[in-house]
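Examination of the molecular architecture
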Amino acid sequence: MPTLSQKHRPKSFKDITGQTSITETLRKEVATEVLGHAYLFSGPRGVGKTTAARVFAKALNCEKPKAGEPCNECTLCMAANEGRCLDIIELDAATHTGVDTVRESIIEHVRFSPLMGKRKIYILDEVHMFSTSSWNALLKTLEEPPAYAFFILATTEWHKVPATIISRCQRFEFKRIEAERLAERLTWIAGEENWNVEPDVIDLIVSRADGCLRDAETLLGQLGSLGDPSTSSGPQKIDLKIAHLLIPESHLPLAEGLVKLWAARDHQGALQEIQRLFDDGIQILPLFDDLIQVIRGLLTNSSDQFTPHELSEIALLLLERRKDVKAGVDGLFALQLASTTIVFKILGGDKNQDPRHQEPEPTSLPTHQPTSLDLSVIRSKWPALIRAVDEKNHSLPFILKIARPEAVEGDKIVIRFQYPFHRDKIVTDVKHRRIVEECLAQVYGTPCSIEGIVGDPSTSSGQSQERSQDMVSNILNAFGGSIVES
Ligand SMILES: [Zn+2]
């Protein structure tokens, strides 16, 4: 059975989705017979390069073109539409045979005049896969092409095409297809197939396809085959329920809501929303994907809520935390941590409570009596330590916020870090260790040294969750917040 793309393949320039400026230029070239011998079609996969090449090839050989459009009625057009035109030669370099036979196929073949029409057209797909000898063979032909020979090269990676070839080609850069054009095309196909596809489903497919027409058509075709047309009386109905059997539900609006809370620097609100989504059973990993998509959208369409720097920092952080979740870190915790970092570190503080503007705790030695070190005192003064360190180095506080003072041995404080590189940055790096130790002496009023250990104290999931909670409390303590149960 043919795929939807094959079944509804555009037969004329005007039927091609998107790429209007390219198809218009090609049509005019055919109409005016002002033609080059070599064309390079570059751009992402699935956006119509081969389709445009086929229409163009057909138009070049059409006996009665109409203003540059193929007539689709003459013998040559019919032969081309049925894939049996001997003068249109398609070669896919992605297949081994393609690469191996490209020399013979082109060099030998091009010497013979066209068999059916006036021109011979070679459509060479995925040309970035060509070997050097293939390029050399093609170059020789392009230097002195027979008057009847035309070459259309298609590739997703034009930078891999030798400059000597590019300089002999008219280059057309195909773009991703706009959402609106994709939606029109899908709606039209659904009509042709007599499927009743809900507009929401069309939107869902379009958002999934990311500008790739072929992916969009494949998804629609898969959804269409989910129903059983033989038993339905009316047109086959495809609603969101059916669509979600195939396309995982997106939580973009929820992700947008969370991003808005970040934009408002509403730390509490964001944590509450994360908890609510979690309680509602939303999967955290796909939610990370949606958040990344929202931030990506804001990055590309300038946002007045965030600076580009903030957006890229947020995107990097979300990608990092997403990686952690994939590696097994608790999803809820990772998102809470990301949210806290975004509000306080990247965006500069909670709207209600900005730790930078709080009264600093007394940190200088005259105000402090030397005290013997005690773990509970160390933990309670940890936020003050972080603020003191922040005065001297802005990159260290974040690590200290998610680290935990674990034990005291004489004048030595043992700190547990989540990752080895965190320990290395704070403890192994002598310069950083000195900063932290100086600040410790200030805050606790007595000289002390530090030692680092890494990892969870336990491996059992129950205890590690407890530890996650502990770490959240640590962070919240550091920032003066609390988790609100919803
Ligand atoms: Zn024709």
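Summary of the structure given here.

As a further point, take helix α8 (residues 179-193). With 15 residues, α8 ought to run about 21 Å at 1.5 Å a step, and its terminal C-alpha atoms sit 21 Å apart, in line with that. Taken as a whole, α8 has its buried residues at Leu182, Arg185, Leu186, Ile189 and Ala190. Down the axis, α8 shows its buried residues gathered within 135° of arc, on one side only. Facing away from the buried surface of α8 by more than 90 degrees, the exposed residues are Glu180 and Gly191. Packed against the buried residues of α8 are α1 (4-7), β6 (195-197), α9 (199-209) and α10 (213-224). Of the residues trailing α8, asparagine 194 is marked for its positive phi of about 60°.

Here helix α12 (residues 252-263) crosses helix α13 (residues 267-279) at 160°, and the two axes come no closer than 9 Å. With respect to their mutual orientation, α12 and α13 come out roughly antiparallel. For α12 against α13, the interelement crossing comes out left-handed. Contacts from Leu254, Gly257, Leu258, Leu261 and Trp262 in α12 reach Gly269, Ala270, Glu273, Ile274 and Leu277 in α13. Classifying every residue of the contact of α12 with α13 gives seven nonpolar, two polar and one charged.

The next subject is unusual backbone geometry. In this structure, glutamine 19 takes a positive phi of about 55° despite not being glycine. Along the chain, the position of glutamine 19 falls in the loop between α1 and α2 (20-32). Note on glutamine 19: 24 C-beta atoms within 10 Å, which makes it buried. Not every positive phi belongs to a glycine, and alanine 67 is a case in point at roughly 50°. Tracing the chain through its elements places alanine 67 in the loop between α3 (49-61) and α4 (75-81).

Scoring rules and cut-offs
- Residues numbered from 1 in each chain as written.
- Predicted model: local features only at pLDDT ≥ 70, side-chain atom pairs only at ≥ 80, totals over all residues.
- Helix = DSSP H or I, 4+ residues; strand = E, 2+ residues; numbered from the N terminus.
- Expected span 1.5 Å × (residues − 1).
- Buried ≥ 20, exposed ≤ 12 C-beta atoms within 10 Å, placed from the backbone.
- Arc of directions from axis to C-beta.
- Contact = placed C-beta atoms within 7 Å.
- Axes fitted to C-alpha atoms, helices over the stretch in contact; angles between N-to-C directions.
- Parallel < 35°, antiparallel > 145°, perpendicular 65-115°, else oblique.
- Left-handed = near helix turned anticlockwise from the far one by under 90°.
- Nonpolar A, V, L, I, M, F, W, Y, C, P; charged D, E, K, R; others polar.

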